[in-house]
Amino acid sequence: MEVRQRLVTLAELKERAAEAAPARDAWTALGGASPARGQLKVIAEIKRRSPSKGDLASIADPASLAVQYAEGGAAAISVLTEQRRFNGSLADFDAVRAAVDTPLLRKDFMIDEYQIWEARAHGADLILLIVASLSDAQLREFSALSRELGMNVLVETHTAEEIERAVAAEARIIGVNVRNLKTLDVDRSVFAELAGGIPAGALIIAESGVRGVDDVRHFAANGANAVLVGEALVSDATPRERIAEFMAAGAQAIAARS
């Protein structure tokens, strides 16, 4: 980020953000308005590598992959822009933004106001705030700034205490990540317990742990409104069809719990 700050000042970013097209409505796209609540939404992720698995896919053309995601019915597309751990970039984000009209999540570790202005300047509609990485004051401040810029916020949690903090910060889209940040192990069984602590009215996003339709059914049956899927899609030869399959399986599970 320091390198980018030397190249583009905060004042310049604010000018670019003011000139950018208005943010798309990620809240509604993810099922925040009735009658979409009966559906399971998919946030499809463009992700080359991860700290837990290493290299996942080369993704020479992120724009082409994004088009396949959009055609498959993805409600939103997540683009990793963090370079060191995920081999992502804002160039990837820009390529995807130019290719699709789907709401985009700028996926990075947001720790500074600069990154939020940067996200909006590049056309982001949704940003990620990780409760474990931020103080309560930062969580409130960054959420407020994002809303002022027209963006929605996905607030990521890993524990019951973090959910309480997210709720206190008036988060409307709350992610439950079933990957332990310290060990990087995935425990899908914690989702139901944690999701049960999220108030009605908020959207619940299941993050990590989707290998196939059985995992999608599990998350949907236990309260997920959407699933964020990366590895299972970037490693699949037919991501368009896989997204449609996930949505159908999720809708069935939601109908069964109603």
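Note that this is a predicted model, so its numbers are computed, not measured.

**Student:** Quick one: what's the story with the overall build of the chain, residue by residue and with numbers?
**Tutor:** Across its full length, the chain holds 13 helices and ten strands. For 258 residues, the compact-globule estimate of 2.2 N^0.38 gives 18 Å, and the chain sits close to it at 17 Å. Considered along the principal axes of its C-alpha atoms, the chain spans approximately 50 × 40 × 40 Å. Per-residue burial over the chain gives 53% buried out of 258 residues. Put simply, 66% of the contacts in the chain that link residues at least 6 apart link residues at least 24 apart. Across the chain, 29 positive and 36 negative side-chain charges occur, with their mean positions spaced 2 Å apart.

**Student:** Would you mind going over helix 7 (residues 113-121) in detail, with residue names and values included?
**Tutor:** Across the nine residues of helix 7, eight count as buried, placing the element largely inside the fold. Where helix 7 is concerned, the buried positions are Tyr114, Gln115, Ile116, Trp117, Glu118, Ala119, Arg120 and Ala121. You can read the cap of helix 7 off the contacts: a side-chain oxygen lies 2.7 Å from the backbone nitrogen of Tyr114, and it is on Asp112. Two residues or fewer after helix 7 comes Gly123, characterised by a positive phi angle close to 95°.

**Student:** Mind laying out the side chain of Asn177, listing which residues take part and the relevant values?
**Tutor:** Counting through the fold element by element, Asn177 comes out in strand 8 (residues 173-177). The class for Asn177 is buried, based on a relative accessible area of 10%. Within the structure, the side chain of Asn177 is placed 3.2 Å from the side chain of Glu156, a separation counted as a polar contact. Side chain to side chain, Asn177 and Ser208 meet in a polar contact 2.8 Å long. Ignoring anything within four residues of it in the chain, the contact list for Asn177 reads Glu156, Thr157, His158, Glu207 and Ser208.

**Student:** Describe the pattern of salt bridges, with residues and values.
**Tutor:** Applying the stated criterion across every chain yields a total of 18 salt bridges. Residue Arg165 pairs with Asp136 through a salt bridge whose shortest N-O separation is 2.5 Å. With Arg165 in helix 9 (residues 160-168) and Asp136 in helix 8 (residues 136-148), this residue pair connects regions lying 29 residues apart in the sequence. Classification of Arg165 as buried rests on a relative accessible area of 17%. The exposure class of Asp136 is partly exposed, given its relative accessible area of 37%. Across the pair Arg211 and Asp215 runs a salt bridge, and its minimum N-O distance is 2.8 Å. Taking relative accessible area as the criterion, Asp215 reaches 7% and is therefore assigned buried. Through salt bridges with shared partners, one network takes in Arg4, Arg106, Asp108 and Glu118.

**Student:** An account of the nonpolar core is needed here, citing residue identities and associated values.
**Tutor:** Formed by 67 residues in total, the largest nonpolar core has its most connected members in Ile46, Tyr69, Ile77 and Phe191. Apart from residues no more than four positions distant in its own chain, Tyr69 is found in contact with Ala44, Glu45, Ile46, Ala74, Ile77, Leu233, Val234, Pro239 and Ile243. Leu30, Ile205, Ala226 and Leu228 belong to the second-largest nonpolar core, a separate cluster that totals 16 residues.

Analysis parameters
- Residues numbered from 1 in each chain as written.
- Predicted model: local features only at pLDDT ≥ 70, side-chain atom pairs only at ≥ 80, totals over all residues.
- Heavy atoms only, no water.
- Helix = DSSP H or I, 4+ residues; strand = E, 2+ residues; numbered from the N terminus.
- Rg over C-alpha atoms; globule rule 2.2 N^0.38 Å.
- Buried < 20%, exposed > 50% of the residue type's maximum accessible area, 1.4 Å probe, protein only.
- Contact = heavy atoms within 4.5 Å.
- Lys, Arg positive; Asp, Glu negative; His and termini not counted.
- Charge placed at Lys NZ, Arg CZ, Asp CG, Glu CD.
- Polar contact = N/O pair within 3.5 Å; in protein donor to acceptor, adjacent residues only side chain to side chain.
- Salt bridge = Lys/Arg side-chain N within 4 Å of Asp/Glu carboxyl O.
- Core = buried A, V, L, I, M, F, W, Y, C linked by side-chain atoms within 4.5 Å.

These figures come from the coordinates and say nothing about function on their own.
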